[in-house]
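Understanding the architecture of this molecule
Listed below, chain by chain, are the residues.
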Amino acid sequence: MTSLNKKFFEFFSIRTGLAVFAAGTLSLASTLLGNSVIERNNAQQESIDFTVSQQLKEQQALELKRVQLVNERLERHVSCLAKNIYYEAGSESRTGKIAVANVTLNRAASGKFPNDVCDVVYQRRSGTCQFSWVCDKGKHKPYGDSYQESKSIARMVLTRQIKPVIGKNVLYYHADYVNPNWDLQRVIKIGAHIFYTET
């Protein structure tokens, strides 16, 4: 090998070595950079996943709370309505019990009475109870088959599992053995109760 060829070979070897080194360095840098990007993306994804998970948990908690409140309200209304059915129509037929329940709910929906079932049941006007049993301090506690039927009817009426037996505009009734001389339109007599709408 001539001196010139030898120097050219040495120059080429050095240049090739530098190129290989540079390529290796670039490859390492790219790998490190790529790993850094992947790690950052993974961290961002984990953060997103965590946020979404927290939001879902919060939504589920809110929905559970809403359902609990709805159930609590329903049970409170069932209790109030069942007592009203029992004391007002405990000895009446099933249809008679449903009719009293319908009047109670009609009042709550009418805008002329409180809009809460329990408030309708326990309403007083000028110190007078709208349903006489509420003011009767000597009344017995509800019991027996009649009360169980009253609770069953109350729940089914409130959850619309029973069709109304009177119209939505029927807001009043009284026992057939009294004559309050109401200026109202008589609609129907069911059992011992006579039902009215406003004229």
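Below is a short write-up of the structure. Per chain, residues are indexed from 1 in the order of the written sequence. Reporting of local features is limited, given that this is a predicted model, to residues whose pLDDT is at least 70; pairs of side-chain atoms are given and counted only at 80 or more, and all residues count toward the totals for whole chains, interfaces and linings. Only hydrogens and water are removed before side-chain values are computed, so all heavy atoms of the structure are retained for them.

Describing the sheet that holds strand 5 (residues 193–198)
Any two strands with at least two DSSP-identified bridges between them are counted as paired. What counts as a helix is a DSSP run of H or I of at least four residues, what counts as a strand is a run of E of at least two, and both are numbered from the N terminus. Reading across from one edge, 3-5-4 is the order of the 3 strands in this open sheet, with antiparallel pairing throughout. Looking at the sheet topology across the chains shown, the edges are occupied by strand 3 (170–175) and strand 4 (184–190). Between one strand axis and the next, the sheet turns by 30 degrees as a mean value, whatever way the strands run. Examined bridge by bridge, strand 3 and strand 5 share 5 bridges and lie antiparallel to one another. Bridge pairing links Tyr172 to Tyr196 in strand 5. Note on contacts: a residue pair qualifies if any of its non-hydrogen atoms lie within 4.5 Å across the two residues. Angles here are taken between N-to-C directions and fall from 0 to 180 degrees, while the axes themselves are lines fitted to C-alpha atoms, restricted in helices to the stretch in contact. Those strands touched by helix 2 (residues 94–110) are strand 3, strand 4 and strand 5, and its axis lies near 135 degrees from that of strand 3.

Considerations on the pattern of salt bridges
Here, a salt bridge means any side-chain nitrogen of Lys or Arg that lies within 4 Å of a carboxyl oxygen of Asp or Glu. Tallied over the full model, the rule gives 6 salt bridges. A salt bridge links Arg155 to Glu75, with the shortest nitrogen-to-oxygen separation between them at 2.8 Å. Taken as a pair, Arg155 in helix 4 (residues 144–158) and Glu75 in helix 1 (residues 3–89) lie far apart in primary sequence, 80 residues in all. Residue class for Glu75 comes out partly exposed when judged on its relative accessible area of 40%. Taking the shortest distance from any N to any O, the salt bridge between Glu198 and Lys112 comes out at 2.4 Å. Of this pair, Glu198 sits in strand 5 while Lys112 is found in the loop between helix 2 and helix 3 (117–121), placing the two residues 86 residues apart along the sequence. Buried, partly exposed and exposed residues are distinguished by accessible area as a fraction of the type maximum, computed with a 1.4 Å probe on protein chains only: under 20%, between the cut-offs, and over 50%, respectively. Here Glu198 falls in the partly exposed class, since its relative accessible area comes to 33%. Exposure remark for Lys112: the relative accessible area of 46% places this residue in the partly exposed category. One continuous salt-bridge network, built from bridges that share partners, spans Arg94, Lys97 and Glu149.

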